[in-house]
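Given next are the chains, with one letter for each unit.
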Amino acid sequence: MKAWIPEERIELSFPVARYHVHQRDSNDCGPYCVAMVANTLYEGPFVNAAILAAELDRRGFPERIPGWATLPWGVVASLRRLGLRARWRLGASLRRLFTNLREDRITIVIVGEPLRFEGRRWCGWSHYKILGTWDPERGLGFVDPAAFGATGMTWQSLAEFRRQWAWMGKQTIEVWRT
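These lines cover the structure that appears in this document, whether it is placed above or below. (Residues numbered from 1 in each chain as written. Predicted model: local features only at pLDDT ≥ 70, side-chain atom pairs only at ≥ 80, totals over all residues. Heavy atoms only, no water.)

## Some points on the packing of helix H1 (residues 29–41) against helix H3 (residues 72–81)
Alright, step 1. At a minimum axis distance of 10 Å, the contact between H1 and H3 shows a crossing angle of 30 degrees. Our classification of the angle between H1 and H3 gives roughly parallel. For H1 against H3, the interelement crossing comes out right-handed. Packed against H1, whose contacting residues are Gly30, Val34 and Val37, the element H3 presents Val75, Ser78 and Leu79 at the interface.
Alright, step 2. Considered class by class, the residues forming the contact of H1 with H3 number four nonpolar, two polar and no charged. (Axes fitted to C-alpha atoms, helices over the stretch in contact; angles between N-to-C directions. Helix = DSSP H or I, 4+ residues; strand = E, 2+ residues; numbered from the N terminus. Parallel < 35°, antiparallel > 145°, perpendicular 65-115°, else oblique. Left-handed = near helix turned anticlockwise from the far one by under 90°. Contact = heavy atoms within 4.5 Å. Nonpolar A, V, L, I, M, F, W, Y, C, P; charged D, E, K, R; others polar.)

## Remarks on unusual backbone geometry
Alright, step 1. With an omega dihedral of 20 degrees, the bond running from Phe61 to Pro62 counts as a cis peptide bond.
Alright, step 2. Positionally, Pro62 belongs in the loop between helix H2 (49–59) and strand S2 (64–65).
Alright, step 3. Despite not being glycine, Asp104 has its phi angle at roughly 60 degrees, a positive value.
Alright, step 4. Structurally, the position occupied by Asp104 is in the loop between helix H4 (94–102) and strand S5 (106–113).
Alright, step 5. Overall, Asp104 belongs to the partly exposed group, its relative accessible area being 23%.
Alright, step 6. We note that Lys170 has phi near 50 degrees; this positive angle belongs to a residue other than glycine. (Buried < 20%, exposed > 50% of the residue type's maximum accessible area, 1.4 Å probe, protein only.)

## What about the nonpolar core?
Alright, step 1. Of all hydrophobic cores here, the largest spans 45 residues; its most connected members are Leu79, Ile108, Ile130, Phe161 and Ile173.
Alright, step 2. In this structure, Phe161 is in contact with Leu94, Leu97, Val109, Val111, Leu140, Phe142 and Gln156, ignoring residues within four places of it in sequence. (Core = buried A, V, L, I, M, F, W, Y, C linked by side-chain atoms within 4.5 Å.)

## Some words on the pairing of S5
Alright, step 1. Counting buried residues in S5 gives eight out of eight residues, a clear majority hidden from the surface.
Alright, step 2. Side-chain alternation along S5 places Ile106, Ile108, Ile110 and Gly112 on one buried face and Thr107, Val109, Val111 and Glu113 on a second face that is also buried.
Alright, step 3. Here four bridges tie S5 to strand S11 (residues 172–177), and the two strands are oriented antiparallel to one another. In the strand pairing of S11, Ile106 is matched with Val175.
Alright, step 4. Sheet analysis places S5 next to strand S8 (residues 125–135), joined by seven bridges and oriented antiparallel. Residue Glu113 lies in a different strand from S8, and its bridge partner there is Trp125. (Pairing = 2+ DSSP bridges.)

## As for the environment of Pro15
Alright, step 1. Looking at the secondary structure, you find Pro15 in the loop between strand S1 (10–11) and H1.
Alright, step 2. A residue is classified by how much of its surface remains accessible, and Pro15, at 31% relative accessible area, is partly exposed.
Alright, step 3. As a C-alpha pair, Pro15 and Gly132 span 117 residues in sequence and 9.1 Å in three-dimensional space.

Here it is in structure tokens:
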């Protein structure tokens, strides 16, 4: 491993998993991440993820393609409307992710395989999830709106994450309170 990849476990101090909400069979991972982050930073269940997704559907393009995908600037705009500071980064570095964990900055990542095909059938996908932990033994831990269970924690190896993150342009959305 590279020298800057931590040998010790790093974890956000924010209880993001406490506010985990499962997106069910929707394509609403972006709005669900917004709700989880806002509820974490405001320390209470103030934002209803399903209502936020419906509001973004009504707003439509350029923030969201209704019923299908929320664009990164739509996630940032939603966070800002909720009184939070947010910054979208394209081409972020893995080092930046570890720095954000160390500095206790909530980071939403976008992973996916947008050019995936099975035979001639397009099966591309992308997904927002919230970085919560680095563990040298397990990899990266995420609070994931697609995950079942109370905490919504999922783990991904560093190699698999890097591949899926690179496919999506190494995008992050960093969030903090004003």
